[in-house]
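The lines below spell out each chain.
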Amino acid sequence: MSGRPRALLAALLAALLLSACGGGGETDLAPPEEARLTVYTSHKEEVYGPIVKEFQARTGIWVQVVTGGTNELLERIAAGEGPCDVMFGGGVESLMTYADCFEPYACSGAGAVKPWLQPEGDLWTPFSSLPVVLIYNPRLVSPGEVQGWADLLDTRWRGRIAFADPAVSGSSYTAAVTMLTCLPGDDWEELAQLVENLDGGVLADSGDVVEAVSVGSCALGVTLEETALKRQAAGAHIAIVYPAEGTSNLPDAAALVSGAPHRENALAFLEFTQSADVQSLVASDFARRSVRSDIPDDLPPEDSLRLIDYDIAAAAALKEELLERWAALEEGGL
Amino acid sequence: MKTSFHRKLLSAFLAVGVVPLLICVLVLLDLFRVSLDRRAEEEAAVQLTAMAGDMGALLRSCQGVMDRLSRQPQVLEALAAGEGPAPQAVYNALYTAAAPLLRDASFSLYTSQGRLLYATAGAPGDLSPRWGVLAAAGRTEGPAYQSVSDFAGGEALRAALAVPGEEGPAGYVVLELSDAHFRRLLEGKHSAGSEVLVLDPFWSQVYASPSLSDASLAPTLRARLLAGEGLEGEDRLYHVQQEPVSGFYLLLCQPKPVAGWVMRTLYLIALGAILLSLGLCLAVSMVLSDQLFRPILSLNNAMAAVEEGDLDVRVTVSGADEMSQLAGRFNRMAQRLKENLARSLRQQEELGQAQLRMMQAQLNPHFLYNTLDTLKWLGKIHHIPEVASISADLAEILRRSISAGAFVTLEEELRSLDHYVAIQSIRFAGKFTFQTQADPSLLAVPLPKLTLQPLVENAIIHGFEDGVPGTVTVTAARQGDEMVLTVSDNGCGMSRESLERFRSGAGEGHLGLYNVDAILRLHYGRGLTFLPPDGGRGTRIRIAIPIVPETKDMTGT
């Protein structure tokens, strides 16, 4: 009689212990804190994927990737949301807006970086450079018909130009500033002519530009070289024109988040993004221009592009006024 | 009272009925789940160990092949020369070395520049010696293992062995395990319904069994691992084992032996059972408390009724339990109480009758009457009319007093009062006047004999003791269904001590007053009352007698 309740009690205790112990065990698979890195990136997976993978294989560091839009991620960093070590991607204009969030760091390979891409104060690590180009649909426009920025103001293309809203797209704003800088004459006058020539057909997103030209709903458009090359390789009906008046060639970059919990790993990642191996990949696989002068590519050499000296700080300062005028002009044109 | 009793019963029932059930059910369900989980875990561990062993064996064999290839003279020659003059010889060497594994893996040869030379089966094409697996192979002695993903869903395990050259690697022997190879290796080695994932050391997916529908499982698990959360899913269990040769992970994804919905259903059933027993406890405690409480309530009510004086109340007795015995006791007690009360009432009544008879006996009968008759005649014979008159009046009073009935009409009472006053007016000549005012309609109303005379006597004898003459007045008036008689005088009034004596019922001094009061109380339940006298002097006494129909017999002796 006394044996059975005792056995039952033991069974109950065992059950409670078992249920309390269950579910553990996997946590020891998780990497230790010093072998981790959190990267916020606005790049597409085809860009960050191979880099992160190779970085992991070479260093043994587990990379946790958080993807999103550039501004969204920057705002999250500014708000101090979650641990973040590196912001990877985003035009330097955007990064500059959030300069407070980042810690300057000069990579060991910085000497190989093209002089005009050298960051002021080493606030970021340039990753690739992205010239602004014009594209046209070769079925609608014959070669040589579109030469440069001046064509955007030519009334014969009125309503047939694909241009993204500069208030939404950072690259579109860069394109607008580049155009105004490259064209001689009164900037605001040219801006008014451009908006009028767009005839209300401003596209909501920069991704729509190539599409609009490729399907023929627009004859020409303004986009980044990388986007154009990639879509061209994917079969889009577009041809690329480097504007005769010259163009800008802004870099996108990676930056060390100040107060990064895994600072050492973050620095290793920054070094890696600027290493010759990665930069070769940038040129060979990503249709981007390497920021290093020692990496060859098949693209038209930068000397031939008549690159302008794009003043990022001035452009940032001008942004508000330009966008206000843009909105006013659009309103007036409707 | 009832709620508290009921609540006590209910909580007792709950403690006894539901709590052990609850504990039992929870522990048993948990025990059930844990034991099944344990078994599943053991099974998974066995399967995983077997699969990891197989994979390790395959990789070791592949490593042997790669080693052999890296030392083959034909291969070395081909690597040095690029595409050599006799590709058949190289292919021959390649296939011979890889012969036992041709269906399990594919092998290929790359130059130091990463150009693909020869392959047993589909090879990935040229590779960069500065990137990926070739770069990794250049950094290590043995083969380097890496996962390959082309970000379009094609994944594989790739290993490369650098063929040592004079300056850096002379070329690479590359092994690739693709989807089909993994399927061949792992299929049928885990229980149906479970899935196997092969993950690289950083938990990128290399292979997943075809039955796995969730393509984002590996990233999800990786995120959970990095977040420090357990791998256990909603209704899946995950078991992980590292394959030592490559450092890759095998992850077995098992449906929980008891699926979430089964567990939920079991808990639901348990909850149902608990609710049922809860309901039963509620009902039983209600019925029991009702059964216990109803007799208590009726007993309580009966006791309250007895307290109020109702001795006829009885409790219905049903059954033979303790409550019924109690009810029976109560009934007997009430009965006994009622009998006692009736007996004491009867005794009281008998005592009253005896007192009445004794009082009447005090006023002596026939002897006095005959003597007075003699006196009247003597007065007449000797021509002393006062003596004759007094004797006649006294005789008349006596006659009336000893006549049989206890009741007389008001008219008779007033007449007998006249006789009495006649006597007293001779005795106290000039001291008082007497007057009556009677409603003629009341003359036939019966009242106890000698009700008024003692009061008038009292007024005459005591009211004018101070020698001041006054008036004695008797009135009879109708008030509702009562006849109200008043006897008043304007004499000196009763002293306080006399009133006290009367009220305390001592009966001495004012025997007449006391008698009248006692008789009235006996017959009507209330005695005489003193009223404030008219004009502030004297005494005024009020008697109220109910007027009853004459047919009723009021001669209750």
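Before reading on, note that the structure itself is shown above.
It should be emphasised that the depicted structure is a prediction, and the values quoted were computed from it without experimental measurement.

Caption draft 1: Here's a closer look at the overall build of chain B. Each helix and strand in chain B was counted, giving 15 helices and 16 strands. Considering only contacts in chain B between residues 6 or more positions apart, those separated by 24 or more positions represent 63%. Put simply, chain B shows about 29600 Å² of open surface, and 57% of that area lies on carbon and sulfur atoms.

Caption draft 2: Region of interest: the state of the cysteines. Residues and elements named next belong to chain A. Scanning the entire structure with this criterion turns up 0 disulfides over all chains. Summary of cysteine pairing: Cys101 is not part of a disulfide, and the nearest cysteine sulfur, belonging to Cys84, is at 9.6 Å. On the basis of relative accessibility, which here comes to 15%, the residue Cys101 falls in the buried class.

Caption draft 3: Region of interest: the pairing of strand β7 (residues 205–208) of chain B. All names here are of chain B. Taken together, the 3 bridges between strand β6 (residues 195–199) and β7 define a ladder with antiparallel strand orientation. For Leu199, the partnering residue across the bridge sits in β7 and is Gln205. Turn length for the β6-β7 hairpin, with the two strands adjacent in sequence and antiparallel, is 5 residues, and the turn residue Trp203 shows positive phi of about 65°.

Caption draft 4: How the structure looks around the side chain of B:Glu413. Residue and element names in this part refer to chain B. Residue placement: Glu413 occurs in helix α12 (residues 410–427). The buried category is assigned to Glu413, whose relative accessible area is 2%. Of the polar contacts made by the side chain of Glu413, one reaches the backbone nitrogen of Leu450; its length is 3.1 Å. Glu413 has contacts with Val408, Leu447, Pro448, Lys449, Leu450, Thr451, Leu452 and Gln453, leaving out every residue within four places of it along the chain.

Caption draft 5: The arrangement of a nonpolar patch on the surface in detail. Residue and element names in this part refer to chain B. Taken together, the side chains of Val19, Leu22, Ile23, Leu26 and Tyr267 present a nonpolar region at the surface, about 410 Å² in accessible area. The leading source of residues in the nonpolar patch is helix α2 (residues 19–71), at 4 residues. Position of Tyr267 relative to the elements: it lies in helix α8 (residues 260–308). Judged by relative accessible area, Tyr267 falls into the partly exposed class, the value being 33%.

Caption draft 6: Spatial organisation of the sheet that holds strand β2 (residues 116–119) of chain B. Residues and elements named next belong to chain B. With antiparallel pairing, 5 strands are arranged side by side in an open sheet as β2-β1-β5-β4-β3. Because the sheet does not close on itself, it has two edges, and the strands there are β2 and β3 (144–149). This sheet shows a mean twist of 25° between the axes of neighbouring strands, independent of strand direction. Note that strand β1 (residues 106–111) and strand β5 (residues 169–177) share 6 bridges and pair antiparallel. Across the sheet, the residue bridging to Phe107 is Leu175, located in β5. Relative to the sheet, helix α3 (residues 73–81) contacts β1, β2, β4 (155–164) and β5, its axis offset from that of β1 by approximately 45°. The strands that helix α4 (residues 87–98) touches are β1 and β2; relative to β2, the one it contacts most, it runs at about 55°.

Caption draft 7: Molecular detail of the environment of B:Ala159. All names here are of chain B. Along the polypeptide, Ala159 turns up in strand β4. Distance from Ala159 to Gln63, taken between C-alpha atoms, is 9.1 Å for residues 96 residues apart in sequence. Aside from chain neighbours lying at most four places away, what touches Ala159 is Met66, Val133, Ala144, Tyr145, Val173, Val174 and Leu175.

Caption draft 8: Quick peek at the interface of chain A and chain B. Listed by partner, the interface residues are 32 residues for chain A and 29 residues for chain B. Where chain A touches chain B, the interface holds 2 salt bridges. The salt bridge partner of B:Asp200 is A:Lys53, with a shortest N-O separation of 3.8 Å. Our enumeration of links across chain A and chain B arrives at 7 residue pairs in polar contact (both at pLDDT 80 or more). Of all the secondary-structure elements, those providing two or more residues to the side of chain A that touches chain B are α1 (3–21), α2 (45–59), β2 (62–67) and α11 (276–285) of chain A. Here the side of chain A that touches chain B gets 9 residues from one element, more than from any other, and that element is α2(A). When the residues that make up the side of chain A that touches chain B are grouped by side-chain class, the tally is 17 nonpolar, 8 polar and 7 charged.

Caption draft 9: A look at the pairing of β6(B). All names here are of chain B. Within β6, 5 of the 5 residues are buried, leaving the element largely enclosed by the surrounding structure. Summarising the sheet, β6 and strand β9 (residues 249–255) pair through 5 bridges and their orientation is antiparallel. Counted as the bridge partner of Leu197 is Leu251 from β9.

Caption draft 10: Broad picture of the environment of B:Ser277. Residues and elements named next belong to chain B. With respect to the helices and strands, the residue Ser277 is situated in helix α8. Spatially, the C-alpha atom of Ser277 lies 8.8 Å from that of Leu21, the residues being 256 residues apart in sequence. Setting aside residues up to four positions removed in sequence, Ser277 forms contacts with Gly17, Val18 and Leu21.

Caption draft 11: Highlighting helix α8 (residues 207–215) of chain A. All names here are of chain A. The complete set of buried residues in α8 reads Val209, Val210, Ala212, Val213 and Ser214. Packed against the buried residues of α8 are β5 (125–136), β6 (161–164), β7 (202–203), β8 (220–224) and α9 (225–233). Remark: Gly216 follows α8 within two positions and exhibits a positive phi of approximately 95°.

Caption draft 12: Up close: empty space enclosed by the protein. In this structure the tally under the stated criterion is 5 cavities of 30 Å³ or more. Elements with a contribution of two residues or more to the lining of the largest cavity: α13 (453–463), β14 (482–489) and β16 (539–546) of chain B. For the lining of the largest cavity, the element with the most residues is α13(B), which contributes 5 residues. Per-class residue counts for the lining of the largest cavity are 5 nonpolar, 6 polar and 1 charged. Taken as a whole, the second largest cavity encloses approximately 80 Å³ of empty space. Around the second largest cavity sit A:Val132, A:Phe163, A:Ala164, A:Ser171, A:Ser172, A:Ala175, A:Ser206, A:Val209, A:Val222, A:Thr223 and A:Leu224, which together line it. Looking at the lining of the second largest cavity, the elements that each hand over two or more residues are β6, α6 (170–182) and β8 of chain A.

Caption draft 13: Region of interest: the sheet that holds β6(B). Residue and element names in this part refer to chain B. The sheet built from 4 strands is open, its strands ordered β7-β6-β9-β8 with antiparallel pairing. Two strands bound the open sheet, and with one partner strand each, they are β7 and β8 (236–242). Averaged over all adjacent pairs, the angle separating strand axes in this sheet is 20°, with direction ignored. Across the sheet, α2 lies against β6, β8 and β9, angled at about 145° from β9, the strand it touches most.

Caption draft 14: Quick peek at the packing of α2(B) against helix α6 (residues 179–186) of chain B. Residues and elements named next belong to chain B. Where α2 meets α6, the axes come as close as 10 Å, and the angle between the chain directions of the two elements is 125°. Judged by the inter-axis angle, α2 sits oblique to α6. The two elements α2 and α6 meet at a crossing, and its hand is right-handed. Facing α2, whose interface residues are Met51, Asp54, Met55 and Leu58, α6 presents Phe182, Leu185 and Leu186. Residue composition of the contact of α2 with α6, by class: 6 nonpolar, no polar and 1 charged.

Caption draft 15: Examining unusual backbone geometry more closely. Residues other than glycine seldom take positive phi values, yet A:Ala287 does so here, at roughly 55°. Relative to the elements of secondary structure, A:Ala287 occurs in the loop between α11 and β11 (289–290). The backbone of B:Trp203 shows a phi angle near 65°, a positive value even though the residue is not glycine. Note on placement: B:Trp203 falls in the loop between β6 and β7.

Caption draft 16: The pattern of salt bridges, seen in detail. Residues and elements named next belong to chain A. Applying the stated criterion across every chain yields a total of 33 salt bridges over all chains. Among the salt bridges present, the one from Arg288 reaches Glu226, with a minimum N-O distance of 3.2 Å. Note that Arg288 is positioned in the loop between α11 and β11 and Glu226 in helix α9, a separation of 62 residues in sequence. One continuous salt-bridge network, built from bridges that share partners, spans Glu46, Glu226, Lys230, Asp252 and Arg288.

Caption draft 17: Structural context of the layout of surface pockets. Residues and elements named next belong to chain A. Volume-wise, the largest pocket comes out at about 1300 Å³. Around the largest pocket, the lining comprises 43 residues; the ones closest to its centre are Thr70, Gly91, Gly170, Ser171 and Leu224. For the lining of the largest pocket, the class distribution of residues is 14 nonpolar, 18 polar and 11 charged. There are two domains that each give the lining of the largest pocket at least three residues, and those are domain 1 (33–129 + 251–298) and domain 2 (130–248 + 310–333).

Cut-offs applied
- Residues numbered from 1 in each chain as written.
- Chains lettered and ligands numbered in written order.
- Predicted model: local features only at pLDDT ≥ 70, side-chain atom pairs only at ≥ 80, totals over all residues.
- Heavy atoms only, no water.
- Helix = DSSP H or I, 4+ residues; strand = E, 2+ residues; numbered from the N terminus.
- Contact = heavy atoms within 4.5 Å.
- Areas by Shrake-Rupley, 256 points an atom, 1.4 Å probe, with all protein chains shown as cover.
- Disulfide = S-S within 2.5 Å.
- Buried < 20%, exposed > 50% of the residue type's maximum accessible area, 1.4 Å probe, protein only.
- Pairing = 2+ DSSP bridges.
- Polar contact = N/O pair within 3.5 Å; in protein donor to acceptor, adjacent residues only side chain to side chain.
- Patch = residues over 30% accessible without salt bridge, like charges linked within 9 Å, V, L, I, M, F, W, Y side chains within 5 Å.
- Salt bridge = Lys/Arg side-chain N within 4 Å of Asp/Glu carboxyl O.
- Axes fitted to C-alpha atoms, helices over the stretch in contact; angles between N-to-C directions.
- Nonpolar A, V, L, I, M, F, W, Y, C, P; charged D, E, K, R; others polar.
- 1 Å grid on protein atoms, 1.4 Å probe; cavity = no way out; pocket = protein on both sides within 12 Å on 5 of 7 lines; lining within 4 Å.
- Points joined across faces, edges and corners; volume = space filled by probe spheres on them.
- Parallel < 35°, antiparallel > 145°, perpendicular 65-115°, else oblique.
- Left-handed = near helix turned anticlockwise from the far one by under 90°.
- Domains from an automatic or database assignment.

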